[in-house]
Amino acid sequence: MSLQDILLHLDTYPEPTPDAAIDAAVGLAARLGGQLTALALRLSIPVRSNILAERLIGLTDLAREEEARSLAACNHVLERFKRRAEDTGVFRGTLLETAGLPDFALHVARKARARDLCIVPISAALDGQKEVAETVIFNSGRPVLLMRSEIPAVPKLTDGVAVVAWDGGVPAARAMADALPILRGMRRVRVLTILNEKASAVGGLAQDAARHLQTHGIETAIDYVETDGHGIGETLDGYLGETRPDLLVMGAYGHSRLREMVLGGATEHMLRHAQVPVLLSH
């Protein structure tokens, strides 16, 4: 099994995905041995007739200007992607489609359902990419790889070091399985269990996950880390700062409360503050 069919979502509004992030995603697909399709969404702004708004601010003209701005960004990011992907030998195609801003995230999730992996570059300012990533994670049934837009280096996803966050739960199991094509190419995989954060996460829990990875020929080590009264996000940051892995693999946790998604602490933290590429599955 390999990640042959990869989707890259390129942001276009209010700011386009940086060129460096596009180049990094192309390089990542090349290292994974996959083919890459880029999706860019052109903004559509429906305008209801409003005489007062037209007289005061020219609402229709403003909407058309923003749509034109989005289209220009689409053309830029897709042209940049096409050049880099063709040069690297990973080009499969481009998708330029139209959607309203509230529908962007679900549109990307639907497109990701028939892919092996969806790459979502996320900026420090987040823009709307956090919502896109969250929606793809919970509504596509496919793994999502988060990359920081402002970190231009190509992630080292072959012959590097990966960390698999393991609490024995279903999302963690799904993430480990989804990541296997990448983990097989890593120099070493560390299975991490954080203690005193969940009642189910106890000493010895990671041994079965490590055994499974070893049956796939993956060199594996086990780490148990105490929270020591710190939050899960702070504990993860401390561990990642010490071990400096090239990839974090973890299950995404969330549930609906009053029709609004409430994320688990580690999932929320990584969506906002991940400093290494993170593969998330639900």
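The notes below deal with the structure included here. Since we're looking at a predicted model, the values are computed, not measured. Each chain has its residues counted from 1, running along the sequence as written. This being a predicted model, a pLDDT of at least 70 is required before a residue's local features are given, and a value of 80 or more before pairs of side-chain atoms are given or counted; all residues contribute to the totals for chains, interfaces and linings. Working from all heavy atoms in the structure, the side-chain values ignore hydrogens and water.

Here we look at the pairing of strand S4 (residues 117-122)
Each regular strand displays side chains that alternate between the two surfaces of the sheet. Burial of S4 is extensive: six of the six residues sit out of reach of the surface. What you see with S4 is no split at all: Leu117, Ile119 and Pro121 on one side and Cys118, Val120 and Ile122 on the other are buried throughout. By definition, two strands form a pair when at least two bridges between them are found by DSSP. Numbered from the N terminus, helices here are DSSP runs of H or I no shorter than four residues, and strands are runs of E no shorter than two. Two strands pair when backbone bridges link them, and strand S1 (residues 5-10) and S4 are joined in this way by three bridges, in the parallel orientation. By the bridge assignment for S4, isoleucine 6 is matched with leucine 117. Bridge analysis of S4 against strand S5 (residues 144-148) gives five bridges, and the strand direction is parallel. Within S5, the residue paired with isoleucine 119 across the bridge is leucine 145. Burial classes: relative accessible area under 20% of the type maximum marks a residue as buried, over 50% as exposed, and values in between as partly exposed (1.4 Å probe, protein chains only).

Notes on the sheet that holds S1
Read across the open sheet, the ten strands follow the order S3-S2-S1-S4-S5-S12-S9-S6-S7-S8; overall the sheet is mixed. Of all strands in the sheet, those with a lone pairing partner are strand S3 (91-99) and strand S8 (220-226), marking the two edges. The sheet shows a mean angle of 25° between the axes of neighbouring strands, direction not considered. Sheet analysis places S1 next to strand S2 (residues 35-43), joined by six bridges and oriented parallel. Counted as the bridge partner of leucine 8 is alanine 38 from S2. The sheet strands contacting helix H5 (residues 129-139) are S1, S4, S5 and strand S12 (278-281), and the helix crosses S4 at an angle near 160°. Residue contacts follow a heavy-atom distance rule, with two residues in contact if any of their heavy atoms lie within 4.5 Å. In this analysis an axis means a line fitted to C-alpha atoms, helices contributing only their contacting stretch, and an angle means the value between N-to-C directions, from 0 to 180 degrees. Sheet contacts for helix H7 (residues 206-215): strand S7 (188-195) and S8; angle to S8, the most-contacted strand, approximately 160°.

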